[in-house]
Each structure stands twice: as C-alpha cells, then as structure tokens.
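# Examination of the molecular architecture
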Amino acid sequence: MTRTAALRWISLGSVLALLGIWSVVSWLDLARPDALPSPVKLFRTFLAMLDEGYGGSSLGKHVGMSVMRAISGFLAAVILGVPFGILVGRHPVLSAVVAPIIGFFRPIPPIAFLTLFVFYFGIGEASKIGLIFMAAFWYVVLNCADGVRAVPELLIRAAENSGLTKRQLFFHIIIPASMPSIMTALRAASAISWTLVVASELLGAQAGLGFIILDAAQYFNIPATFIGIVLIGTIGLMWELALSNVQRHVLHWQGR
Amino acid sequence: MNADLIVARALRKVYPGRSERDTPTLALEEFDLSVAEHEVACIVGPSGCGKTTLLNMIAGFEKPSGGELTMRGRPIAGTSPERSVVFQQPALFPWLNVWDNVTLGPRMRGVDLRKLAATAEHVLTSIGLGGFKKHYPYQLSGGMRQRVQIARVLIASPDVILMDEPFGSLDAQTRIIMHEVLLRLWAEYQPTIFFITHDVEEALILGDHVYVMSRRPGRLKAKIQVPFPRPRGYELIGDPGFAALRSKVVSMLREEWEAR
C-alpha cells in the first residue's frame, strides 16, 4: 500500500472514530439527548426531512438556495477578481491606489456589513450574494496580485530573450506562472463563500441551510439544527475536495 | 582569425545606490574586449568583478552607462534571440514539458511548425534528450535541465550563446559530461560562445581565449590564447602545457585577490 493510500485510510478511520465516540456518548447518556441527539436519531430526522422538507420547502430547495447563493458570489468574485488582481499585480500605480482600501477593509469581518447590505440592497438575494462577493473578491484580488508579483524575474528574462512580445509574455508566461497563486485564491474564495452563505441567511431568508439552522434553533428543534450543520459541513468538504482535485490537475507540473 | 563579432570599447557600468546618500557602485570601467565569430570566449575573474554585468549588457538586459558595446558594428539595444542566454539557474518554464520549453520561442515567432519539429528533434537527440520530450522540468536532474536550456538556445540558431556559469551548480561528474556535450555541440554548430566561469580548468578546456578580468571595477587584465587543438577531451588535463597555462591564469587571479 502506498503512503498516500495509507493516509487516506487513516482519515476515514478518524471520521468513523468520531462517529463511534458520539454514539457511545449517546448510548451511555453522557449528554442530554435533547442537546446532543444520537447519530441514529439524526439519521431518522434526516430521512424525515428528506420526505417532508423543512419550513415549507423541500430539503433539496434549501440546499439548492444556499449553493446557488454561494456559487453566484464566488463566481462573481472570481470572474471580476482574477483579472483585476492580475492588473493590480502588474501595475504598481494601481496597486498603490488599491492597497490602502483593501488594507482597511480586510480586517473587518464581512458579517459586520450584513445589516448595511440588507439596508442598501433589501432582504432578497442581492444583499446575500453581494456580501459573499465582497468578502471573496478582495481575497482573490490580493492573492492574484501577489502571484503576479512573485513571477521570477529569471523566467521573464528567459522569455524576453526567446523573443516573446509583451503580449505573449503576459499570456504565455505571467498567467501560467501565477496559476499556483490563482488556484490558492480560488480555494480561499470558495471557503469564504460557503462560510458566509450561512451568515447571510441569518437575516430575512425563507430558505437555505443557514435559515434551517437559525429557524430550528429558535424552536429548540436541535436535531434539525444538527442536520443543517452536518449538511453545510458535508457540502463544504465535497466542494473543497473537488477544487483540490481541479488544482492538482491544473498544477500537475508542480509534481505534487 | 575571423572578424570581430562583439566589441566593447571603454565600456562602463555604474549602479546607482538605493537612495541618494548611497554611493554608486562602479561595476565596469574602461573595459575593452573583442570576441571573434565562432570563438569560444571564456571569461574568468574574481567574484564581484562584473562578469555577469558584462553578460547582461551583451544580452541586452541592462544598458551600458558609458562607452560602446556593439555586435557586428551595431550598438546592442535590448534583448534578442540572436544573443541567446543559458542562465546559471535552470530558467525553464515549469508548466511546459521539454518539447514545449525548447520550442516556445520559435513557435511564438511563428516559425513553420514542420521545419521546427525537425530541428527540435535533431537538437534534442544530439544533446541526449531524445527520450525526454514529454517530461516536465520537475522530473529532470540538474544536468538535464541545463541541457534543456542549451537545446532551447541552439534551436534559436543564435549568433552568440551567452552562458553565465551554466554548470556552476552541477556536481563534478555531471560537469565533465556537460563539457563534453558542449564541445561536441560546438563542433557541430560552431556558434560563438561567451562563457562566464570561475573555474580556470573549465575555461581552458572549452575556450579559444581566456579573458582574465581585474577586481571591481572590472577591466580586461589579459586575453590569453588557448593553444590546444580541437577536438579536445579530458585527457588534456594531464598535458604539461595545460598545467603551465592553468597556473599562469591562477596566479593572475591571485594577484587580483591579494590586491584587495
């Protein structure tokens, strides 16, 4: 067995162990069952929610709404942020313009803008997607700009020496050489988007995984709250795995 | 001897300090040099004497601060594939395989692909990379990466190949192999080679002339003809004439060291 395969089995084992400890804790009544439902009870709740939906919408709709919001914000951040970040990385003047603005907004938790966004853009989708977009956008811009600045001078000289024009240098050297940073930016942005979708659904959403969590907790429906949390975790994990596969594929030349 | 290809007259290079209070660094001053067509010119000198500065100016990466630097009588302005560089570090594009690395320049210049493929095939085979066309740089050893750089340069059929201590980071055995590869390629293509090294032995095995530079600011201290006939091989090292020439160059360099 290769080392990677062995490590994968260890990861699977740690998940099973966690489930095992959780089951044991429930069986032995170490925690109040209404505070920590057993895995079996949760699974039953999950089946029931699949059947009946939650709060008037099917579970699929809740998942779909959250995923749609996260992906919309994420894609907008990537489509606008990657080119903008590359420009910022290439042009010191633009970088000087943008740096203080990013520097000011970056330490502020995006949630701090939630109420303002609702005030500006209403209670619908715009405020939610807008919040996700804003938080992810700056990450993408910063990472891409850093990546472009970090392209080794040696490679640029080698390319110029081979007779590449400025335009060819940009598209055939700068962009591929920045790909590792661009991929890092995409992964960070996707994590941020998924994290923020829950927060954005805390205000005025009628559907979505964040809505389930908030609504269920208000009615002390702890199993449903857990289902919401587990779904968020599972989907986030799958998304992350998919992206890291894309990354490995795109950056195969790094030999990792 | 053939006509002069590269000529430097009273060449001067000053690097300004980082701030106005910093003293500027004088890298080269009153530097004269002439390299003939098809010559292998080896430059030796104490470290920091401006060898790389000189190469960077010939390559067109940096501009002279004064004096003249010409190729075939025309001032050198900017970088060009006719003066192709083999860098000290293997400057390969890690996202391209060997084939694409070697052919990138000509492809971008729109060279006919069929002609290019034939040339690339020939160059890669003659440098011993025929079986590695699909390999990526991370899959290659240090010596093979330098071969890829040399292949990339050869395919541009440059007037002059500029080499900045290209084998400096390789182990001793790989270096010997690379010297043999280079000698063989020179016999086949007869390019002009401008070769910077700090290794006197390397300079004497490869060069037609060894140009000894003074300590900074670099001037040309001596141009020494290397009389050994080609084709050369490593048995040359045992030759008494080789040993004598070697100690002559080494003592010139030592003078520069001790004068510091």
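Quick note: structure is the one above.
Here, residues in each chain are numbered from 1, in the same order as that chain's written sequence. Throughout, the order in which chains and ligands are written sets their labels, letters from A for the former and numbers from 1 for the latter. Per-residue local features of the predicted model are confined to residues with pLDDT of at least 70, and side-chain atom pairs are confined, for both listing and counting, to 80 or more; whole-chain, interface and lining totals are unaffected and use all residues.

Attention now goes to the overall build of chain A. We count a stretch as a helix when DSSP gives it H or I for four or more residues in a row; a strand needs E for two or more, and each element gets its number in order from the N terminus. Along its length, chain A carries 10 helices and zero strands. The linear arrangement of helices and strands in chain A, starting from the amino end, is α-α-α-α-α-α-α-α-α-α. For the C-alpha atoms alone, the extent of chain A along its principal axes is close to 70 × 55 × 30 Å. Here chain A holds 256 residues, and the buried ones make up 30% of them. Each residue is classed by its C-beta neighbour count within 10 Å, where at least 20 other C-beta atoms makes it buried, 12 or fewer makes it exposed, and intermediate counts make it partly exposed; the C-beta atoms are placed from backbone geometry.

The topology assignment puts Arg254 of chain B in helix 7 (residues 240–258). In the structure, Arg254 of chain B is positioned 208 residues away from Pro46 of chain B in sequence and 8.6 Å away in space, judged by C-alpha atoms.

Two orientations exist for strands paired in a sheet by backbone hydrogen bonds: parallel and antiparallel. All names here are of chain B. Two strands pair if DSSP finds at least two bridges between them. The six strands are arranged 6-7-8-3-9-10 in an open sheet whose pairing can be described as mixed. Taken across any chain shown, the strands that pair with only one partner, and hence form the sheet edges, are strand 6 (83–86) and strand 10 (220–225). Taken pair by pair, the neighbouring strands of this sheet meet at an average axis angle of 20 degrees, ignoring direction. Note: strand 3 (residues 40–44) against strand 9 (residues 209–213), four bridges, orientation parallel. Looking at the pairing, Cys42 lines up with Val210 of strand 9. Note on geometry: axes are C-alpha line fits, over the in-contact stretch for helices, and angles between N-to-C directions span 0 to 180 degrees.

Below, the discussion takes up the nonpolar core. Residues and elements named next belong to chain A. Buried Ala, Val, Leu, Ile, Met, Phe, Trp, Tyr and Cys residues whose C-beta atoms connect them within 7 Å together make up a nonpolar core. Counting residues in each nonpolar core, the largest one holds 123 residues, and the members touching the most others are Ala136 and Val140. Considering every element that reaches this core, the biggest residue donor is helix 6 (residues 125–149), with 15 residues. Here the contact rule is simple: place C-beta atoms from the backbone, and any two residues whose C-beta atoms are within 7 Å are in contact. Excluding its chain neighbours within four sequence positions, the residues that come into contact with Val140 are Ala77, Val78, Gly81, Val82, Gly85, Ala185 and Ala189.

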